[in-house]
Amino acid sequence: MDLMTFLQLGDSTFRLSTPLLLACLAGLFSERAGIFDIGLEGKMLAAAFFSGAIAFVSGSVWLGLLAGIGASLALSLVHGLASITFRGNQLISGVAINFLAAGLTVVVAQDWFGQGGRTPQLAGAARFQNITLPFTEQIGHVPFLGPVYVELISGHTFIVYLAALCVPAAWWLLFRTRFGLRLRAVGENPAAVDTAGISVVRLRFVAVGICGVLCGIAGAYLATALQAGFIKDMTAGRGFIALAALIFAKWRPWYALYACLLFGLLQAVALRFQNINLGGFVLPVQFMDALPYILTVVILAGFVGKAIPPRAGGEPYVKER
Amino acid sequence: MQKMPAWADVVLIPLISLLLAAILSGLVILAIGENPWEALKLMISGSVGSSYAWGYTLYYATNFIFTGLAVAIAFHSRMFNIGGEGQAMLGGLGVAYVCLFIPWPHWSLALIGATAASALFGAAWAALPAYLQARRGSHIVITTIMFNFIAAAFLNYLLVNVLKPMGAMDPATAKFPAPTHLPSLHDILGAFGIPFSKAAPANVALLVAILACVGVWLLVWRTRLGYEIRAFGHSESAAKYAGISPTRIIMLSMLISGGLAGMMAINNVMGEAERLVLNSTEGAGFIGIAVALMGRSHPLGVFLAAILFGILYQGGAELALWTNIPREMIVVIQALVILFTGALDNMVRMPLEKLFLALRRGQTATTAGE
Amino acid sequence: DLGGKFDKSFNESAFAGATRWATETGGTFAEVELQSDAQREQALRRFAEAGNNPIVMAGFGFATALDEVAADYPDTKFVIIDMVVDQPNVRSVVFSEHEGSYLVGMLAAMASKTGTVGFIGGMDIPLIRKFACGYAQGVLAANPDATIIANMTGTTPAAWNDPVKGSELTLAQISQGADVVYAAAGGTGVGVLQTAADSGILSIGVDSNQNYLHPGQVLTSMTKRVDNAVYEAFTAGVDLETGFNVMGLANGGVGYALDENNAALVTADMQAAVDAASAQIASGELVVHDYMSDETCPGLTF
Amino acid sequence: MSTPAIELKGISKAFGPVQANKDISIRVMPGTIHGIIGENGAGKSTLMSILYGFYKADAGEIWINGKKTEIPDSQHAIRAGIGMVFQHFKLVENFTVLENVVLGAEDGALLRPTLARARAQLKKLAEEYELNVDPDALIEDIGVGMQQRVEILKSLYRQADILILDEPTGVLTPAEADHLFRILESLKREGKTIILITHKLREIMEITDTVSVMRRGEMTATVRTADTSPPELAELMVGRKVLLRVEKAPARPGDKVLEVRNLSVTDDKGVKRIKDISFEVRAGEILGIAGVAGNGQSELLEALGGYQSATGTILVNGQPIDLTGSKSDGRTRRDRGIAHVPEDRQREGLIMDFQAWENVAFGYHHRPEYQKNRFLMDHAAMKADCERKMERFDVRPPNPMLLAKSFSGGNQQKLVVAREIERNPDLLLVGQPTRGVDIGAIEFIHQQLVALRDQGKAILLVSVELDEILSLSDRIAVMFDGQIMGERMPAETTAKELGLLMAGIRGEAA
Ligand SMILES: Nc1ncnc2c1ncn2[C@@H]1O[C@H](COP(=O)(O)OP(=O)(O)OP(=O)(O)O)[C@@H](O)[C@H]1O
Ligand SMILES: Nc1ncnc2c1ncn2[C@@H]1O[C@H](COP(=O)(O)OP(=O)(O)OP(=O)(O)O)[C@@H](O)[C@H]1O
Ligand SMILES: [Mg+2]
Ligand SMILES: [Mg+2]
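Computed from a predicted structure; not experimentally measured.

Quick notes on the rules
- Within any chain, residue numbers begin from 1 and follow the written order of that chain's sequence.
- Each chain takes a letter, starting from A, and each ligand takes a number, starting from 1, following the order in which they are written.
- pLDDT decides what is reported in this predicted model: residues at 70 or higher carry local features, side-chain atom pairs at 80 or more are listed and counted, and totals for whole chains, interfaces and linings draw on all residues regardless.
- The side-chain values count all of the structure's non-hydrogen atoms but skip hydrogen atoms and water molecules.
- Criterion for a disulfide: a pair of cysteine sulfur atoms at a distance within 2.5 Å.
- Only DSSP runs of H or I covering at least 4 residues are called helices, and only runs of E covering at least 2 are called strands; the numbering of each starts at the N terminus.
- When accessible area is computed with a 1.4 Å probe and restricted to protein chains, residues below 20% of their type maximum are described as buried, those above 50% as exposed, and intermediate ones as partly exposed.
- Contacts: residue pairs with any heavy atoms within 4.5 Å of one another.
- Note on definitions: buried area is the accessible-area loss of two parts on being combined, 1.4 Å probe, summed for both.
- Salt-bridge detection follows one rule: a side-chain nitrogen of Lys or Arg within 4 Å of a carboxyl oxygen of Asp or Glu.
- Pairing of N or O atoms within 3.5 Å defines a polar contact, subject to two protein rules: one partner must be a possible hydrogen donor and the other a possible acceptor, and residues neighboring in sequence count only if both atoms are side-chain atoms.
- What counts as an axis is a line fitted to C-alpha atoms, over the stretch in contact for a helix, and the angles between N-to-C directions run from 0 to 180 degrees.
- Note on angle classes: values under 35 degrees are labelled roughly parallel, values over 145 roughly antiparallel, values of 65 to 115 roughly perpendicular, and the remainder oblique.
- Here is the rule for handedness: rotate from the far helix to the near one, and if that takes an anticlockwise turn smaller than a right angle the crossing is left-handed, while a clockwise turn gives right-handed.
- Ten residue types, Ala, Val, Leu, Ile, Met, Phe, Trp, Tyr, Cys and Pro, are classed as nonpolar, four, Asp, Glu, Lys and Arg, as charged, and the remainder, Gly among them, as polar.
- In this scheme, a helix's expected span is set at 1.5 Å multiplied by one less than its residue total.
- Bend is computed residue by residue as the angle between axes fitted to the seven residues ending at the residue and the seven residues starting at it.
- Water is absent from the atoms considered, so a metal site may look incomplete; donors are defined as N, O and S atoms within 2.8 Å of the metal, or 3.2 Å for Na, K and Ca.
- The pairing criterion for strands is at least two bridges between them, as found by DSSP.
- Here the arc refers to the set of directions running from the helix axis out to each C-beta atom.

**What to know about the state of the cysteines**
Move 1: Summed over the entire model, instances satisfying the criterion amount to 1 disulfide over all chains.
Move 2: What pairs with Cys133(C) in a disulfide is Cys297(C), and their sulfur atoms sit 2.2 Å apart. Between Cys133(C) and Cys297(C), the disulfide has an S-S torsion of 105 degrees and is therefore right-handed. Separated by 164 residues along the polypeptide, Cys133(C) in helix H5 (residues 126-142) and Cys297(C) in the segment after helix H10 (291-294) bring together distant segments of the chain.
Move 3: Its relative accessible area of 0% is what places Cys133(C) among the buried residues.
Move 4: Cys24(A) provides the cysteine sulfur closest to Cys260(A), a residue in no disulfide bond, and the two sulfurs are 4.0 Å apart.
Move 5: The class of Cys260(A) is buried, set by a relative accessible area of 1%.

**Focus: the interface of chain D and chain B**
Move 1: Contacts between the two partners involve 34 residues from chain D, matched on the other side by 25 residues from chain B.
Move 2: Both faces combined, the contact of chain D with chain B buries some 2500 Å², and carbon together with sulfur accounts for 59% of it.
Move 3: When the buried area of chain D at its contact with chain B is split by residue, Pro17(D), Phe354(D) and His365(D) rank highest and sum to 22% of it.
Move 4: The interface formed by chain D and chain B contains 1 salt bridge.
Move 5: Here Arg230(B) makes a salt bridge to Glu358(D), at a shortest N to O gap of 3.0 Å.

**Overview of the pattern of salt bridges**
Residue and element names in this part refer to chain D.
Move 1: Overall, the coordinates contain 56 salt bridges over all chains when judged by the stated rule.
Move 2: As a salt-bridge pair, arginine 224 and aspartate 227 come within 3.6 Å of each other at their nearest N and O atoms.
Move 3: Here arginine 224 falls in the exposed class, since its relative accessible area comes to 52%.
Move 4: Judged by relative accessible area, aspartate 227 falls into the exposed class, the value being 55%.
Move 5: For the salt bridge of arginine 261 with glutamate 280, the shortest nitrogen-to-oxygen distance reads 3.8 Å. Of this pair, arginine 261 sits in strand E11 (residues 256-266) while glutamate 280 is found in strand E12 (residues 272-282), placing the two residues 19 residues apart along the sequence.
Move 6: Owing to a relative accessible area of 27%, arginine 261 belongs among the partly exposed residues under this scheme.

**A closer look at the interface of chain A and chain B**
Move 1: The interface of chain A with chain B comprises 43 residues on the first partner and 42 residues on the second.
Move 2: Summed over both partners, the interface of chain A with chain B comes to about 3600 Å²; 81% of that surface belongs to carbon and sulfur atoms.
Move 3: Our count for the chain A to chain B interface comes out at 1 salt bridge.
Move 4: For Lys232(A), the salt bridge identified is with Glu328(B), shortest N-O distance 3.7 Å.
Move 5: Seen at the junction of chain A and chain B, the total is 5 residue pairs in polar contact (both at pLDDT 80 or more).
Move 6: Of all the secondary-structure elements, those providing two or more residues to the side of chain A that touches chain B are helix H3 (61-85), helix H4 (90-113), helix H11 (238-248) and helix H13 (285-300) of chain A.
Move 7: Top contributing element to the side of chain A that touches chain B by residue count: H4(A), with 14 residues.

**So, the packing of helix H3 (residues 51-76) of chain B against helix H8 (residues 205-222) of chain B**
All names here are of chain B.
Move 1: It is the contact of H3 with H8, at a shortest axis distance of 9 Å, that shows an interaxial angle of 15 degrees. Looking at the two axes, H3 sits roughly parallel to H8. The hand of the H3/H8 crossing is left-handed. On H8, the residues that touch Leu58, Thr62, Ile65, Phe66, Leu69, Ile73 and His76 of H3 are Ala205, Leu206, Val208, Ala209, Ala212, Cys213, Val216, Leu219, Val220 and Trp221.
Move 2: Class assignment of the residues belonging to the contact of H3 with H8 gives a composition of 15 nonpolar, 2 polar and no charged.

**A look at H13(A)**
Residue and element names in this part refer to chain A.
Move 1: Helix length check: H13 (16 residues) gives 24 Å between terminal C-alpha atoms against 22 Å at 1.5 Å per residue, within 8%.
Move 2: Along its length, H13 shows its largest kink, about 50 degrees, at leucine 291, and proline proline 292 lies within four residues downstream of that point.
Move 3: Every buried residue of H13 is accounted for by Val285, Gln286, Met288, Ala290, Leu291, Pro292, Tyr293, Thr296, Val297, Ile299 and Leu300.
Move 4: Within two residues after H13, glycine 302 carries a phi angle of roughly 80 degrees, on the positive side.

**Here we look at the coordination of the magnesium ion (ligand 3)**
Residue and element names in this part refer to chain D.
Move 1: Each protein donor to the magnesium ion (ligand 3) is listed here as Ser45 (OG) and Gln87 (OE1); together their distances run 1.8 to 2.2 Å. Here the residue serine 45 occupies a position in helix H1 (residues 44-51), and glutamine 87 occupies one in the loop between strand E6 (82-85) and helix H3 (97-102), the gap between them amounting to 42 residues.
Move 2: By relative accessible area, which is 23% here, serine 45 ends up partly exposed.
Move 3: Under the relative-accessibility criterion, glutamine 87 is labelled partly exposed at 31%.

**Focus on the pairing of strand E9 (residues 210-215) of chain D**
All names here are of chain D.
Move 1: When strand E3 (residues 33-38) meets E9, the two strands line up parallel, connected through 5 bridges. Across the sheet, isoleucine 36 pairs through a bridge with serine 212, a residue of E9.
Move 2: In the sheet, E9 pairs with strand E10 (residues 218-224) via 6 bridges, with the strands oriented antiparallel. Of the residues in E10, the one forming a bridge with serine 212 is threonine 222.
Move 3: Between E9 and E10, which follow one another and run antiparallel, lie 2 residues, and arginine 216 among them has a positive phi close to 50 degrees.

**Notes on the pairing of strand E2 (residues 18-28) of chain D**
On a regular strand, one side chain projects to one face of the sheet and the next to the other, so that they alternate.
Residues and elements named next belong to chain D.
Move 1: Across 7 bridges, the pairing between strand E1 (residues 6-15) and E2 is antiparallel. Paired with lysine 13 across the bridge in E2 is asparagine 21.
Move 2: As consecutive antiparallel partners, E1 and E2 are separated by 2 residues, and within that stretch glycine 16 has a phi angle of approximately 55 degrees, a positive value.

**Re helix H13 (residues 379-392) of chain D**
Working note: α-helix, 3.6 residues per turn, so residues spaced by three or four point in the same direction.
Move 1: Compared with an ideal rise of 1.5 Å per residue, which puts 14 residues at 20 Å, H13(D) spans 20 Å between its outermost C-alpha atoms and is within 8% of the ideal.
Move 2: For H13(D), every residue scored as buried is listed here: His379(D), Met382(D), Asp385(D), Cys386(D), Lys389(D) and Met390(D). Down the axis of H13(D), the sector holding all buried residues measures 135 degrees, keeping them to one side. Every exposed residue of H13(D) that faces more than 90 degrees away from the buried side is listed here: Ala380(D), Arg388(D) and Glu391(D).
Move 3: Here the buried face of H13(D) lies against H8 and helix H9 (224-234) of chain B together with helix H12 (356-359) and helix H14 (409-421) of chain D.

Written as structure tokens, this is what we have:
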């Protein structure tokens, strides 16, 4: 494999990892606070549609991004209402949100645009454009480093860089601030947080809100950066891969980055090489598609390091039986 | 002392939840500029208005009975089997193998063989998540979700690379041979002189589904295994004390659950399509969750909820055919039903409990005052 | 077919034909878009029950369902596009996509500066290989030294509607030197054309005339007049002639698109060369190999 | 007279249908230690949780230092200077001590300065009150005694003037309890007000200035400790005269029924909970196992009952039983003649959502008398059996169709005891038979146990209530830290000596 192919593959990996990473960090905040979220997929999908739709209507990708975040936040609110306020089953709520998004995006899209559940193509300012980082001219000639900088690092959309920045930010927020301490505590033992005089409900809602914002950005990225417009079911299981990455990462931000890069790479490879020939043995493309899920099951089985979720995860905080 | 009478829990709460879901769905239909009332009428007439309509409604309901029972039996042992979709896909594979590669002399024998194969394949697909849950504590919800995706990829591989007949365009198996074709309700009712639409796909699998309901009821409430499953579901610590092996119960309940989900294939794959196509399950595995929630995990409840969802599905298909309401509207309604009956259960329950408590306080007060 | 009515390509073309008939004659038609294979039979039956006649279905996926249904409704006429169904009340329309693809392949080779051109197919089925094979022959005819990179998006119907993958494949082909890419991939092609335009290379549309999507950046489109087939079927109404119907270059069933959006891209020389080839094919002088005839392809291996 | 530090007026609280507190009023003077006693479920914890803002009262007022104070949540309680050590600690297990202490009381948005200051502060507090803990240890790695210190430090770090301790000694050895009391004394000297919840009369008499008694959600009396006596308090607590001794004839021990040799149990985390113990129980005798909760008694019962894997040898009637593998389960043990009244009837002994008749077969549901045929169970037989047992054990209400959770604690326990004793076992394992059970039911259950002994059955009794052990047992073994510290005959020992053994100290007699 020559350098160029390698760089292309890396480039593609970055692009494809970005939505996974954002969704994975979204799930991380929610689950660290004790709210399981299998509705990442749905939130991303809703955000993808609304960002695409509003970006098309307004012609501004930034308004689109806001709309995407708004839509995702609305679903987060539903999840919060169900699992925090009304202490419902978080898994069932997540399932419902996924269906709600899958159905509603198409119904609304059909009503607004009449194009069978898609938005019109976005162009120009209605999309995120690739950003060329400074000094590409100067560094471009340097052997090896030059192409790496120009091809791999430079020339992505704003959100790719944003997602990358989110990793240290999430780490810092969780492990270096008061808010992070409380958030992690509420996912481990909400009663401890409650008796320390902090509102469990508010804290969890904030976490679910952060999750909503990040899912919103992830969805907007799909429709306005990676693609030029929304098409039905465009998340294509990314929310579940993000969930898998979250388990893979053992609920830690830096590991989340590595897991998402790995899964992004798997997707990039599967996209480019349909069936991979490993010295006479052909690895079918379906195997590559399923690999993230298989890896997650292996991790969950505890054969490769045990993944221990936050202890209060999935359980509503019930004071009075 | 309960907070609420049992009938309120079993009947009142699901009904109120359903009503809420219906109202919201109506609002959505209104918002896209259609008349909800007209839509409702069309849905009803399209789903129960003729024997053709009933034929489709019952066909869908048959799918949902199987997947609903699958989720329900897992609920009894406090397992959330979200993998019905994948298990049903694998069930379809089992049916395809049995129908394609065994020369059956008569459909009845083929049905028995296919039922066994679908149950076996479905159960096999549930076995690993169950084992990992029982022995390694891997969360069954996550593993079954992952197994849905793995099943889809696996089936995709087999259909594209192995089972697709030479020269065929779409990834699907060849048509099953005629002796495996199941009699439809038209044929069955026709034998009794009852006219029924020839076109509708409802078939003898419906009877198998009803038998499955009875079987699950007997299993859960009349057998020792059912007793143990329920005991385990209510309290794992107590079950251990009583000498009930958690591994055994988790494995058995999930195998039965997977088997039931797999058995759906005798309806959609063997009874209707008569070949195995991609995505033959069409989300029925997930609808099973809604059906089990609405039906309170009781076979009778599951049966009724499955009919309800059958009506929803067939009615929704009619909407998509004759109005501008897209077929996805059903998905929205389904989501709202799951949301209200499952996740927002307490939203309805809490005020009701307060109400009943207040009523009872009032009653005791008056009796005490006398 | 699966992939959505507004795929800017195959399905949209069929819909356009129906709409044209409706506006011209004032007639009405019922239509439904399907989400999954399992719904095909139900939709067909429902339409037949409701007395629609004729019923047109766009896409090979209907073949099995139609075979079943057609027999049950002998008084209803059916039209299936892209597939042959042998029933007395069915008209099967197939196109000579390899011929049209041959022409755009020539254009691609002539427009390419790098000598490398790409092909991105949708679902990997014989039909799409037929496109690819015709294209490859055209490319090699115009430039025997050209390199052709061919990729398929996937093996399932999802491949018709995966612009992300289309876009990634395009980038991959660009990195391998391709500067003209032909997308025969339904909705996936939208992503291909988009990415090609974003990256400043030329693309070739399919089925409908897609030149307008990115004016000045789409070299041409291989047109497959599904709209005409639908239009004719509706116009004929119940008197529709059943049987087997091939639409090729000779009868205007396929071709390449030239309009103001790509006028600057196609030079007079190029046009002349292609038109000459077109005439030869139409007259039978030049035979483009059809992949589906023997599942082999000179000039391209899959 | 000075203003009370705390005054509660007319507090009421209901959990659904259960009235946990009824119109409760109480005054606590500053700089005193005020005790609250009452049986299980009397509503003590509920009342204190209301004061701490954890629960919201349905009615009533809270006055702190003479000012009416609204305490809608714990934040307000902390601001009012109240600290509380809960019965069940509220600590984040995988956080360090330091992180737990600062949680909710951070100085600013960043952690680093907070942690630095807290470290210094903790050191000071540790010196002042003999409260040493390693600030960087994870909570899950330290013992319960240490965890309790962390809870106290949490309150002191927040500069609480009023400290509530809910049953702090339940998990402590007598020595640890003495240490705690010394700390409380020094806090009191500093002028802090302390509320101490316990149901151990001895502790009340030892340390408190005033004491309030609760019964069934009501406050029955508040008296100065100096003016009262244990029998008087006991009577206030249960509402009638208490009979402390059980009438029984001397034991006539027969053959060995249970022989335990070198038994060890390691839990899931790899901690050794039982260390190589050996003992035996003979037919016709009751062996009492005394000890502070958490010293391996639960694991012993579980291992004998078949749901905790163990190593070593256990012989029943001279035959070994499997300690691992599929034959080491409750069902096999029952078939070998071992019945088991578990420590926690609600978590283990009963399925709370099953009806009584289903519960009465629980654990024995595979027995032939409950089967109609190869496939189906015989519900009629189960119901008839339940009715019989309810009648003989005076379970009220005698309705087999009621859910287990709708019976009161005492009646739930009777159901369990009925089920296990009626099996006529060779060996009966009994854990905390009278926890949370009213005095009438206690008497009844004790009589049943003695009667079974007199039929020549072997009984192993585990209880944290020393009085119960002393009055029922024919022989007493004391467990501490997974070991048996020694065996005593009840007639030849005292509560004091047993208390020392329970603390791990082999006294003069050892
Ligand atoms: N969170 C809760 N939800 C519902 N009921 C509760 C709750 N907490 C306590 N109760 C009920 O309220 C009553 C009083 O309980 P509380 O814990 O205050 O008693 P207690 O005196 O502290 O008992 P113990 O000595 O066992 O600690 C009991 O009947 C109990 O079951
Ligand atoms: N979790 C519960 N759910 C429903 N009802 C309950 C629950 N707990 C208690 N009750 C009801 O409250 C009543 C009082 O229960 P509780 O255990 O406090 O009784 P008690 O007065 O302490 O009796 P006993 O002395 O026998 O324990 C019970 O009879 C029961 O009907
Ligand atoms: Mg208490
Ligand atoms: Mg009680």
